[in-house]
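Each chain, written out:
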Amino acid sequence: MTRTVAVVLAGGSGQRIGLATPKQLLKIAGKTILEHTLELFEQAPRVDEVIVMMNPGFVNDAEAIVRKAGLGKVSRVLPGGTSRNATTQLALDALSHYSAENTNVLFHDAVRPLLSQRVIDDCVTALETYRAVDVAIPSSDTIIEVDDDVITDVPTRSRLRRGQTPQGFRLATIRNAYAKAWADPGFEATDDCTVVLRYAPEVPIHVVAGEEQNMKVTQPVDIFIADKLFQLSSAATPEFTEEDYAARLTGKTVVVFGGSYGIGAGIADLAEKHGARVFRYSRSATRTDVANPADIAGALEQAHSATGRIDYVVNTAGVLRIGRLDQTDDAVIEEALRVNYLAPVHIARASFPYLAQTKGQLLLYTSSSYTRGRGEYSLYSSTKAATVNLTQALADEWSEDGVRINCINPERTQTPMRVKAFGEEPAGTLLSAEKVAVTSLDVLLSDLTGHVVDVRREDLPGIGGAGGAK
């Protein structure tokens, strides 16, 4: 049987973009880029083994990531070489005991953490027919050749592609190509397909269609782009069955602040229906004021005393006051800041010790207005933007403790708070609180952390509404 080994190339230093830490160890969406990438191959059904070729000074860091994440397919973390080609050769040396004809090797850049399972599968499938495969996407830009800043040629764009990884080979093919390459005193190549093209020209290299999101984190701006892409990709959260809900929620404790109506009540009802012990707190039902740290602490202590654990904490409480800031009195400003921002801060602080015991999750809520402050929404928009930043920061802080935190970003939603602010609106223009509740529960039961998860009406995918008030 053919064995497929993924070699993750993580030898970069980060010096080109002025970093003291290698790019692959930077955190995006609550995890290091390296962990995100390794998880892709861990989840790939047709990948049997993963080898990490790490920057020599950070091998222990990579081993710690593998250990903590429980990445069972990673067999070895080895120090990389002084160049890309040297690192590939070291990986080939590590595979010397495998059958050259019955082993596939996929070389992938560690700093491409958004690779899809479709591309991995297509590469393995292509290696059933071809001995070498590359991954590439069409170029949307015109490519020019220059000499001393003067254009010498403009190649036909339709024939050009932008190369990505993984690059896949039968082990015998890439091994033989490198043996010939090292015999060439002028050998130099930026990738492994180039080595095959030059030193084994008789081997056709098949091109697998890549994807735009399979970007390489190279420049500082790429970190921000990749982070946003992770947020967008998380919109497709895992969808659990009724049986999954029952299996994952039975015996668990869920605390919901703002749980007497709207989205909070929907989450509480769903969790309770599937076997969880649910504690609902709100100003109207239990006189619990989320703006009061003592009320938060008392609620959590009550839930923990009753069940001996807290697995999930949800905060849907919020206030929406519309109007010009210069015409808003001090009391309204104070209330907006205390409820919409300080409350999530206090809930996070108070919840952490309980969630650390159960490796649980805190779920917060933002609004589509967090991406751009809107007139007469200045307090609401700015506090919701702060909540997003709080979520991302705490995902980083809490990752070592196994505590997850995510943020739901619903489109304009039919809730009592929105009706109070805007009155009745046309039927079909608002998202249902029930849909947000289902997505919220799916996120709670997932492994996601540090994500801002969009929830949209099915008939208007990807379109946000003004205000986004829950």
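Above this text sits the structure in question.
Note that the structure is predicted; figures quoted are calculated from it, not measured.

A. Highlighting helix α1 (residues 33–43). Counting buried positions along α1 gives nine out of 11 residues, so the element sits mostly inside the fold. Of the positions making up α1, those classed as buried are Ile33, Leu34, Glu35, His36, Thr37, Leu38, Glu39, Leu40 and Phe41.

B. Local environment of the pattern of salt bridges. For the coordinates displayed, the defined rule picks out 18 salt bridges. The salt bridge involving Arg46 is made with Glu128; its shortest N-O contact spans 2.7 Å. In this pair, Arg46 sits in the loop between α1 and β4 (49–54) while Glu128 sits in the loop between α4 (117–126) and β7 (132–138), placing the two residues 82 residues apart along the sequence. Residue Glu128 is classed as exposed on the basis of its relative accessible area, which comes to 54%. Between Asp326 and Arg324 there is a salt bridge, with its nearest N and O atoms 2.9 Å apart. Taking the relative accessible area as the measure of exposure, Asp326 reaches 56% and is therefore exposed. For Arg324, a relative accessible area of 45% gives the class partly exposed. Members of the salt-bridge network, linked through shared partners, are Arg84, Asp109, Arg112 and Asp192.

C. Spatial organisation of the sheet that holds strand β6 (residues 103–109). Strand order in the open sheet formed by seven strands is β5-β4-β1-β6-β10-β7-β11, with mixed pairing between adjacent strands. Of all strands in the sheet, those bounded by a partner on one side alone are β5 (74–79) and β11 (206–209). Strand-to-strand twist of the sheet, defined as the mean angle between neighbouring strand axes without regard to direction, takes the value 25 degrees. Helix-sheet contacts for helix α5 (residues 171–182) involve β6 and β10 (161–170), and the interaxial angle to β10 is about 105 degrees.

D. Molecular detail of the state of the cysteines. Under the counting rule described, the total for this entry stands at zero disulfides. Distance from the sulfur of Cys123, which forms no disulfide, to the nearest cysteine sulfur (Cys193) is 9.4 Å.

E. Examining unusual backbone geometry more closely. Geometrically, the link from Thr165 to Pro166 is a cis peptide bond, its omega value of 10 degrees lying close to zero. Turning to its location among the elements, Pro166 is positioned in strand β10. Although it is not a glycine, Asp148 sits at a positive phi angle of roughly 55 degrees. Structurally, Asp148 can be placed in the loop between β8 (145–147) and β9 (150–153). Of note, Lys359 is a non-glycine position whose phi angle comes to about 55 degrees, a positive value. You can see Lys359 is positioned in the loop between α12 (330–358) and β15 (361–365). The exposure class of Lys359 is partly exposed, given its relative accessible area of 47%.

F. A look at the packing of aromatic side chains. Enumeration according to the criterion identifies eight aromatic pairs in this entry. Plain terms: the ring middles of Phe187 and Tyr199 are 5.8 Å apart, the flat faces sit at 85 degrees to each other, and that makes the pair edge-to-face. Residue Phe187 is found in the loop between α5 and α6 (192–199), and its partner Tyr199 is found in helix α6; the two are separated by 12 residues along the sequence. Each member of the pair, Phe187 as well as Tyr199, carries the same accessibility label: buried. Pairwise contacts between aromatic rings join Tyr178, Trp182, Phe187 and Tyr199 into one cluster.

Parameters at a glance
Residues numbered from 1 in each chain as written. Predicted model: local features only at pLDDT ≥ 70, side-chain atom pairs only at ≥ 80, totals over all residues. Heavy atoms only, no water. Buried < 20%, exposed > 50% of the residue type's maximum accessible area, 1.4 Å probe, protein only. Helix = DSSP H or I, 4+ residues; strand = E, 2+ residues; numbered from the N terminus. Salt bridge = Lys/Arg side-chain N within 4 Å of Asp/Glu carboxyl O. Pairing = 2+ DSSP bridges. Axes fitted to C-alpha atoms, helices over the stretch in contact; angles between N-to-C directions. Contact = heavy atoms within 4.5 Å. Disulfide = S-S within 2.5 Å. Phe/Tyr/Trp six-rings, centres within 6.5 Å; stacked < 30°, edge-to-face > 60°.

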